[in-house]
Amino acid sequence: MTDVPLYVGLRIDVDTFSGTRKGVPQLCETLGERGIKGTFFFSLGPDNMGRHLWRLIRPVFLWKMLRSNAPGLYGWDILLRGTMWPGMLIGKRLASVVRQAAEQGHEVGLHAWDHHAWQLRSNSMSDATLEKHLALGVNAFRDIFGFNPTCSAAAGWVCSERTLLRKEKYAMQYHSDCRGESVFRPVVEGMPLTPQIPATLPTYDEIVGQNGVSDKNYNDTLLAMIKPGRLNVLTIHAEVEGQSKTILFDKFLDEAARRNIRLVPMGELLPKPEDIPEGKITQGSVAGREGVFCMQESTGQ
Ligand SMILES: [Zn+2]
């Protein structure tokens, strides 16, 4: 324990209809009871995540499903959503729930229009389709909140320099599109763009089920990764910490408070513009997560 509070950005990804309907109110309550504010990133278009999860059934993913108990973690309603009929438009059906997060003082941003499509295809979409996905997401956000999003977080950390360039037109304060170590301004085609606040800590499903990590020691493992003197950003999911792992997350918040760790909206971690160094994004992999993701190029520090 330390006398100096340790600030951790709390990034809350909301990927599905179920996570929005049940996980968001649950997290608003859990965080509200403790006076904690975070940043909710919403998926506002069709929920086809069930399709996403089933399409990924390859040996590695199946092993991961068994390791992390995907049906138990996500629930069958999430796994089946969008598999038999087109997914419901989350923002249209659940606007009041989405708005609730902002009404309770949380920072709100855009995660995706169609999380499934973005994760699977955004890097290979035509420019026009990519732009359409961004515009649909921004417009849906504005319809719900009455203002333009000031921050966004790419679904599944799937992002490229091409995407970054196209996001510039929305003039947001920051994006969280990559995994990395520190806040930076990505330089693309010689131009420094909107700052990135990378996620630094692993998600629940990335570390549980391997190297001896289980629900019993998950919180201690995660808390030990939060270090002073550097950027700390934790990503949680409305579907996991807000639905299937609420008790575990309650305990995490209690223990974090005991250790003088303060969870804050990510925007509070944004330094003054002149203090943000330039950097680059690249593509790489993360332990415990299948696929290739947008990463901050190492600064060698
Ligand atoms: Zn997501």
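For the structure, check the block above.
How each quantity is defined
Residues numbered from 1 in each chain as written. Predicted model: local features only at pLDDT ≥ 70, side-chain atom pairs only at ≥ 80, totals over all residues. Heavy atoms only, no water. Helix = DSSP H or I, 4+ residues; strand = E, 2+ residues; numbered from the N terminus. Buried < 20%, exposed > 50% of the residue type's maximum accessible area, 1.4 Å probe, protein only. Contact = heavy atoms within 4.5 Å. Areas by Shrake-Rupley, 256 points an atom, 1.4 Å probe, with all protein chains shown as cover. Donors = N, O, S within 2.8 Å, 3.2 Å for Na, K, Ca; no water. Pairing = 2+ DSSP bridges. Polar contact = N/O pair within 3.5 Å; in protein donor to acceptor, adjacent residues only side chain to side chain. Axes fitted to C-alpha atoms, helices over the stretch in contact; angles between N-to-C directions. Parallel < 35°, antiparallel > 145°, perpendicular 65-115°, else oblique. Left-handed = near helix turned anticlockwise from the far one by under 90°. Nonpolar A, V, L, I, M, F, W, Y, C, P; charged D, E, K, R; others polar. Salt bridge = Lys/Arg side-chain N within 4 Å of Asp/Glu carboxyl O.

**Section: the overall build of the chain**
Along the backbone of the chain there are 14 helices and 12 strands. The buried share of the chain, reckoned over its 301 residues, is 56%. Of the contacts made within the chain by residues no fewer than 6 positions apart, 76% connect residues no fewer than 24 positions apart. As displayed, the chain has an accessible area near 13,100 Å², and 53% of this comes from carbon and sulfur atoms.

**Digging into the coordination of the zinc ion**
Here the zinc ion is held by the protein donor atoms Asp15 (OD), His111 (NE2) and His115 (NE2), which lie 2.1 to 2.2 Å from it. Sequence positions of the donors to the zinc ion reduce to the motif D-x95-H-x3-H. Remark: His115 occurs in helix H8 (residues 115-121) and Asp15 occurs in the loop between strand S1 (6-14) and helix H1 (17-34); sequence separation between them is 100 residues. Each member of the pair, Asp15 as well as His115, is classed as buried.

**Quick word on the sheet that holds strand S7 (residues 191-192)**
The strand order across the open sheet formed by 3 strands is S7-S6-S10, and the pairing between neighbours is mixed. The open sheet terminates on both sides in strands that have one partner only, identified here as S7 and strand S10 (278-279).

**Topic: the side chain of Gln296**
Mapped onto the fold, Gln296 is located in strand S12 (residues 289-296). Judged by its relative accessible area of 10%, Gln296 falls in the buried class. Here the side chain of Gln296 touches Glu181 through a polar contact of 2.7 Å, landing on its backbone nitrogen. If near-sequence neighbours (up to four positions away) are discounted, Gln296 is found in contact with Cys178, Arg179, Gly180, Glu181, Ser182, Phe184, Pro198, Lys280 and Thr282.

**Some details on the pairing of strand S3 (residues 107-112)**
Extensive coverage of S3 is indicated by the burial of 6 of its 6 residues. As defined by bridge partners, strand S2 (residues 39-43) adjoins S3 across 5 bridges and the pair is classed as parallel. Paired with Phe41 across the strands is Gly109, a residue of S3.

**Considering the packing of H1 against helix H14 (residues 246-258)**
Close contact between H1 and H14 brings their axes to 11 Å; oriented N to C, the two are set at 25°. Classified by the interaxial angle, the pair formed by H1 and H14 is roughly parallel. Every pair of crossing elements has a handedness; the one defined by H1 and H14 is right-handed. Seen from H1, the contacting residues are Gln26, Leu27, Thr30, Leu31 and Arg34; seen from H14, they are Thr246, Phe249, Asp250, Leu253 and Asp254. Broken down by class, the residue content of the contact of H1 with H14 amounts to 4 nonpolar, 3 polar and 3 charged.

**Here's the deal with the pattern of salt bridges**
Scanning the model with the defined rule gives 17 salt bridges in all. With a closest N to O distance of 2.9 Å, Asp254 and Arg34 form a salt bridge. Here Asp254 is found in helix H14, whereas its partner Arg34 is found in helix H1, with 220 residues between them in sequence. In this structure Asp254 comes out as partly exposed when scored by relative accessible area, which is 44%. Of the charged contacts, one joins Arg258 and Glu255 as a salt bridge, the two residues approaching to 2.9 Å between their closest N and O atoms. With a gap of 3 residues between them, Arg258 and Glu255 both fall in helix H14, about one helical turn apart. Linked through salt bridges whose partners overlap, the residues forming this network are Glu33, Arg34, Asp250 and Asp254.

Any functional reading would require information beyond the geometric quantities listed.
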